[in-house]
Amino acid sequence: MHEGIWTTILGLFGLMTIAVLILPLSKRYKFPYTVLLAVVGIALGLLVDATHSAHLGPVSDLFHSFESFELTSEVIIFVFLPALVFESSLSIDVRKLIADIRPILFLAVIGLLISAFMVGGAVYAVSGMGFVVCLLLGAILSATDPVAVVAIFKDLGAPKRLAILVEGESLFNDATAIVLFNILVAMILGSADADLFGGVWNFLKVFVGGIIVGYLLARVFAWIIGHVGGIALVEVTLTISLAYLSFLIAEHYLHVSGVMAVVTAALVMGSLGRTSMSGGGWHLLSETWENLGFWANSLIFVLVGMAVPEILSVFSGGMWLTLVVLIVVAFFARGLLTFAVLPMLSRAHVAADVSLGFRTVMWWGGLRGAVSLALALAVFENDAFPEDVRNFIAALVCAFVLFTLFINATTVGAVMKAFGLDKLSPADLAIRNRTIARALEDIGSSVHRVAEDRKIPADVATRVADAYARRVEAIEAAEGESAPLSDKDWLKIGLMATVGQERQGYFNQYSRGYVASAIARELVAHTDELMDATKAGGVDGYGRGCEKILGFNWRFRTSMWVQRRFGIAGPVGKRLANRMERLRTTQAVLSEVRKSGVDDIRSLVGDAAADELCLILDERIERTMSALMALRAQYPEYAAELQERYLFQVALRQERTDYARLHDEAIIGAEIYANLQNELEDREDELGKRPELDLGLDPETLVGRVPMFKDLSQERIRAITRLLKPQLALPGEAICTKGEAGNSMYFVSSGAIAVQVQPHPVMLGSGDFFGEIALLKDAPRTADVVAETFSDLLILERRDFQKLLDDNPDLRSTIEKVAEERLKG
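What counts, and at which threshold
Residues numbered from 1 in each chain as written. Predicted model: local features only at pLDDT ≥ 70, side-chain atom pairs only at ≥ 80, totals over all residues. Heavy atoms only, no water. Core = buried A, V, L, I, M, F, W, Y, C linked by side-chain atoms within 4.5 Å. Buried < 20%, exposed > 50% of the residue type's maximum accessible area, 1.4 Å probe, protein only. Helix = DSSP H or I, 4+ residues; strand = E, 2+ residues; numbered from the N terminus. Contact = heavy atoms within 4.5 Å. Pairing = 2+ DSSP bridges. 1 Å grid on protein atoms, 1.4 Å probe; cavity = no way out; pocket = protein on both sides within 12 Å on 5 of 7 lines; lining within 4 Å. Points joined across faces, edges and corners; volume = space filled by probe spheres on them. Nonpolar A, V, L, I, M, F, W, Y, C, P; charged D, E, K, R; others polar. Expected span 1.5 Å × (residues − 1). Bend = angle between axes of the 7 residues up to and from the residue. Polar contact = N/O pair within 3.5 Å; in protein donor to acceptor, adjacent residues only side chain to side chain. Patch = residues over 30% accessible without salt bridge, like charges linked within 9 Å, V, L, I, M, F, W, Y side chains within 5 Å. Areas by Shrake-Rupley, 256 points an atom, 1.4 Å probe, with all protein chains shown as cover. Salt bridge = Lys/Arg side-chain N within 4 Å of Asp/Glu carboxyl O. Lys, Arg positive; Asp, Glu negative; His and termini not counted. Charge placed at Lys NZ, Arg CZ, Asp CG, Glu CD. Phe/Tyr/Trp six-rings, centres within 6.5 Å; stacked < 30°, edge-to-face > 60°. Lys NZ or Arg CZ within 6 Å of the ring centre and 35° of its normal. Axes fitted to C-alpha atoms, helices over the stretch in contact; angles between N-to-C directions. Left-handed = near helix turned anticlockwise from the far one by under 90°. Parallel < 35°, antiparallel > 145°, perpendicular 65-115°, else oblique.

Novice: For this particular structure, what's the right way to read the nonpolar core?
Specialist: Nonpolar side chains in soluble globular proteins tend to be buried together. Ranked by size, the top nonpolar core spans 145 residues in total, and within it Phe86, Leu137, Ile300, Leu326 and Ile393 carry the most contacts. Sorting elements by how many residues they give to this core places helix H17 (residues 387–418) first, with 16 residues. Setting aside residues no more than four positions away along its own chain, leucine 326 makes contact with Val119, Val123, Leu137, Leu141, Leu396 and Phe400. By size, the runner-up hydrophobic cluster in this structure holds 41 residues, among which are Leu631, Tyr635, Ile720 and Met745.

Now the structure itself:
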């Protein structure tokens, strides 16, 4: 076997084995895993040098194989960084990130530039190096490292908002650091001049360009994943390709930020992925990326540690003063941003308020790691730089990275503890206590049954059950000592729990094939908005959120405008079909939550809150069903077609479940099971796509529905059709407003219209008309007119009104007679 191959394999898996075995030690002694990895890496680096000429058999081969792993800037950036950044970004909640995007971007862009210039200026004052070189050092060390930060915060279990603030900043500020790094390198090497406006433009191009590349590639890959037939292995493999291709295409071919491309691609995939891939694919995706992130994180910190002895060998005694100044000024600059500038942004309402505890952790937890070292190595490896510059950058960056790893990383947990950030909120603590008490009671009650089944003596079972009973008593006593939550608080907690169940219900509907990807995505977005509204406003916020969900959003109203302005019915037809499917799915999921979900949380929130939840859900189900029935009444044939398709989907799902059970129980063999699966796939293909909704706005058809027109000849109907314009009115839509000038009248082809007059509204239906008085008398509108249901209307403009009446004397007589009766009241 070729020596290069087997030594590489030995070194790779030897390092992997050593690295992963450190994790149990980290958990046992509650010490940061990444710091232990760096320590072990340094030790290995020293041992490799010490045993270079020793002959220790396989041990020497192992240490010799480690030498084949040379840590370079390209290895860090192109091999490890895409995987680590993608895995970190994949789990970030995009909505929470957007909520804090302003402070994150400020720290990642403006904050980094301020810090880089402060650090560069201070180092320039004491080091004797050129200002641009010192500024380069400041740029490298001002960017917090996503690899180190994410790893540490995962270990600590930081609060969600704090984790997003720190992790978000660390992921975004690399683009700023790399752009500034490239500009300064070009200036040092003489290939570019200092140009403020050119630098700003270059930054925007690189930063925004990376976002665009990542977004477009993610959308393309999400579309491909949605069309690979639900094969989980293919779906997950495509996400791995996305991580590396987005980085390479952005960085190597388009010369924009590869890090921003990967961050954006991961955020998009995390947002769209669960409603683009199969349920099994999403589960496998989570496990696969967790493994990839763990392996990459384990190897990178060991390799960084192994590179430390060589890099620090160029650290000279004259650098100590510079290092001390560097550390002091770097932390002062970050403190200025977090303790002075962030509060100013909050007071100016530019950013949401960030607590003192959060700001302190953001200051102390801004770790540096592999990315900073990669940029330093890019200088260290480049012979175009003078040797003293290479040594200066590499040694100081390495020393500073070690300081943040060994000092900051090991103490940031204590900082969090000092501010109580490691503790649950009173509401979370109450939920935790009730959840544990319920679980312990269930376990305690089952002990005797298990003992009886396993022939264990009753006195043994009693001792175990008593132990659980004492734990329940202790929890209840602790709960009694703390400030109790009000019924209103428990109701809010219950509402948030039902929204969570509703969200999961939509994912289940998608994974079973009952709802399309786009509809599931929209429904999940609705529950996210509903959760935010409930958190902010409790029951009232929940009610407002439900109202918004049942309403017609700006996209729907835009499609309505397109139909009315240009006569293009396709977009609004698609929106109405989506609404019908959305309402059907919402009604099904809410009914399931009402049926079993509330019972699951009754012991948590109490009977009073649970009963109130039932009333709230009943009202929402009724309103959802009412909106659905209004659509079905307007489009009964299409509704029946969708219902039939849905029942076929349910039946196919049940078939698939039954066949899988028979196969798992070895009742049918693999050949029969495969044959049945193929048949099911063929039948699913036969169902095809959802049928398109025809709005029925064909003018001749609508005119023919109006009783006063239906007895006319076809030629007369066609002549009238040329004068009338079809329009769909939405429930609750104001068609006419009292007092406004009237330029048209309306014929009702189908639906229900309410004319708001005293003492009671007048209801109009198919064959009726309104708005004629304003045209006959040249007067303002005499009443408000509102659509009660979806209604098909025919509009007659003022310019065509007289022509229609002149050509149809009977119609003139009817309209004038009705108008006179209405004016008499």
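Novice: Sorry, what's going on with the sheet that holds strand E3 (residues 744–750) here?
Specialist: By way of backbone hydrogen bonds, the strands of a sheet pair with one another, either parallel or antiparallel. Within the open sheet, the four strands sit side by side as E1-E8-E3-E6. Their pairing is antiparallel. The open sheet has two edge strands with one neighbour each: strand E1 (724–729) and strand E6 (769–770). Where E3 lies against E6, two bridges are found, and the strand directions are antiparallel. Bridge pairing in E6 links phenylalanine 747 to phenylalanine 769.

Novice: Sorry if this is basic, but what is going on with empty space enclosed by the protein here?
Specialist: Here the idea is plain: a probe the size of a water molecule rolls over the atoms and shows the empty space left. For the coordinates displayed, the defined rule picks out two cavities of 30 Å³ or more. Considering only enclosed or pocket space, the largest cavity measures out at about 100 Å³ in volume. Along the walls of the largest cavity sit Leu523, His526, Cys546, Ile549, Leu550, Arg579, Arg582, Leu583, Thr586, Arg620 and Thr624, which together make up its complete lining. Put simply, the parts of the chain that give the lining of the largest cavity at least two residues each are helix H21 (517–550), helix H23 (570–605) and helix H24 (607–634). Top element by residues in the lining of the largest cavity is H21. It accounts for five residues. Looking at the lining of the largest cavity, its residues break down into five nonpolar, three polar and three charged. Reported here for the second largest cavity is a volume of approximately 50 Å³. Taken together, Leu107, Gly111, Leu112, Ser115, Ser142, Glu169, Arg334, Leu337 and Arg368 make up the full set of residues lining the second largest cavity.

Novice: Sorry, what's going on with helix H6 (residues 101–127) here?
Specialist: Residues that lie three or four places apart on an α-helix share one face, since the helix turns once every 3.6 residues. An ideal rise of 1.5 Å per residue puts 39 Å on 27 residues; H6 measures up with 37 Å between its terminal C-alpha atoms. The largest bend along H6 measures about 40° and falls at glycine 111. One or two residues past the end of H6 sits glycine 128, with phi positive at roughly 85°.

Novice: Honestly, the environment of glutamate 522 in this entry has me stumped. Any pointers?
Specialist: Residue position: glutamate 522 is located in helix H21. Once the C-alpha coordinates of glutamate 522 and tyrosine 746 are considered, the two residues, 224 residues apart in sequence, prove to be 35 Å apart. When near neighbours in sequence (up to four residues on either side) are disregarded, glutamate 522 contacts Asn553 and Arg582.

Novice: Which parts of the structure should I look at to understand the side chain of serine 276?
Specialist: Within the secondary structure, serine 276 sits in the loop between helix H12 (258–272) and helix H13 (279–312). Of the residues examined, serine 276 reaches a relative accessible area of 8% and is grouped as buried. Side-chain polar atoms of serine 276 contact the side chain of arginine 521, separated by 3.3 Å. Here serine 276 is in contact with Ala222, Ile225, Gly226, Tyr510, Ser517 and Arg521, once residues within four sequence places are set aside.

Novice: Would you explain a negative patch on the surface in this entry?
Specialist: On the surface, Asp49, Glu67, Glu70, Glu74, Glu310 and Glu381 cluster together into a patch of negative charge. Along the chain, glutamate 70 falls in the loop between helix H3 (58–66) and helix H4 (73–90).

Novice: Please explain the packing of aromatic side chains as it appears in this structure.
Specialist: Within a pair of aromatic rings, the relevant descriptors are the distance that separates the centres and the angle that separates the planes. Per the stated rule, a full pass over the model turns up 18 aromatic pairs. Judged by centre distance (6.2 Å) and plane angle (35°), the rings of phenylalanine 331 and phenylalanine 400 are tilted. Of this pair, phenylalanine 331 sits in helix H14 (residues 319–347) while phenylalanine 400 is found in helix H17, placing the two residues 69 residues apart along the sequence. What makes phenylalanine 400 buried here is its relative accessible area of 0%. Judged by centre distance (5.5 Å) and plane angle (85°), the ring pair of tryptophan 561 and phenylalanine 566 falls under edge-to-face. Pairwise contacts between aromatic rings join Phe331, Phe339, Trp363, Trp364, Phe400 and Phe403 into one cluster. The lysine or arginine in question, arginine 274, covers the ring of phenylalanine 507, its NZ or CZ lying 3.9 Å from the ring centre.

Novice: So what exactly am I meant to see when it comes to the packing of helix H22 (residues 554–566) against H23 here?
Specialist: Across the interface, H22 lies against H23 with an axial gap of 7 Å and an inter-helix angle of 145°. Helix-helix and strand crossings are classified by hand; for H22 and H23 the assignment is left-handed. Contacts between H22 and H23 pair Arg555, Phe556, Ser559, Met560 and Gln563 from the former with Pro571, Val572, Arg575 and Leu576 from the latter. Each residue belonging to the contact of H22 with H23 can be placed in one class, and the counts come to five nonpolar, two polar and two charged.

Novice: What am I meant to see in the pairing of strand E8 (residues 791–797) here?
Specialist: Counted residue by residue, E8 has six buried out of seven residues, so it is predominantly covered. Here six bridges tie E1 to E8, and the two strands are oriented antiparallel to one another. Counted as the bridge partner of lysine 725 is isoleucine 795 from E8. Pairing geometry for E3 and E8, over six bridges, is antiparallel. Counterpart to tyrosine 746 in the pairing with E8 is isoleucine 795.

Novice: How should I be thinking about the environment of glycine 751 in this particular structure?
Specialist: With respect to the secondary-structure elements, glycine 751 resides in the loop between E3 and strand E4 (753–756). Measuring from C-alpha to C-alpha, the distance between glycine 751 and threonine 789 comes to 5.9 Å, with 38 residues separating the pair along the chain.

Novice: Teacher, can you tell me more about the sheet that holds strand E2 (residues 734–736) here?
Specialist: Pairing is antiparallel in the open sheet, where four strands are placed in the order E2-E7-E4-E5. Each edge of the open sheet is held by one strand with a lone partner, namely E2 and strand E5 (762–764). Taken pair by pair, the neighbouring strands of this sheet meet at an average axis angle of 30°, ignoring direction. In this structure, E4 lies alongside strand E7 (residues 784–787), joined through four bridges in antiparallel fashion. Bridging from a neighbouring strand, alanine 754 pairs with valine 786 of E7.

Novice: Honestly, the side chain of arginine 632 in this entry has me stumped. Any pointers?
Specialist: Among the secondary structure elements, arginine 632 is positioned in helix H24. Not counting residues within four places of it along the chain, the set of residues in contact with arginine 632 comprises Met580, Arg584, Met625, Ala639 and Gln643.

Novice: How should the packing of helix H11 (residues 232–253) against H13 be read in this particular structure?
Specialist: How two helices pack is summed up by the angle between their axes together with the distance between the axes. Their axes nearest at 8 Å, the elements H11 and H13 cross at an angle of 45°. As the angle between them shows, H11 and H13 are arranged oblique. By crossing handedness, the relation of H11 to H13 is classed as right-handed. Counting all contacts with H11, which are made through Ala232, Leu233, Glu235, Val236, Thr239, Ile240 and Ala243, the residues of H13 involved are Gly280, Gly281, Leu284, Leu285, Thr288, Trp289 and Leu292.

Novice: Would you mind showing me how to read the environment of asparagine 408 here?
Specialist: Note that asparagine 408 resides in helix H17. Considered as a pair, asparagine 408 and methionine 118 are 290 residues apart in the sequence and their alpha carbons are 21 Å apart. Each residue touching asparagine 408, except ones within four places of it in the same chain, is listed here: Phe331, Trp364, Leu367 and Phe403.

Novice: What's the story with unusual backbone geometry in this structure? I'm lost.
Specialist: Excluding glycine, residues mostly have negative phi values, and the peptide bonds linking residues are mostly trans. A cis amide bond links glutamine 758 with the next residue in sequence, proline 759, at an omega value of 0°. Along the chain, proline 759 falls in the loop between E4 and E5. Here histidine 255, not a glycine, exhibits a phi torsion of approximately 55°, which is positive. Checked against the element boundaries, histidine 255 lands in the loop between H11 and H12. Despite not being glycine, alanine 666 has its phi angle at roughly 60°, a positive value.

All quantities given are derived from atomic positions and should not be read as evidence of function.
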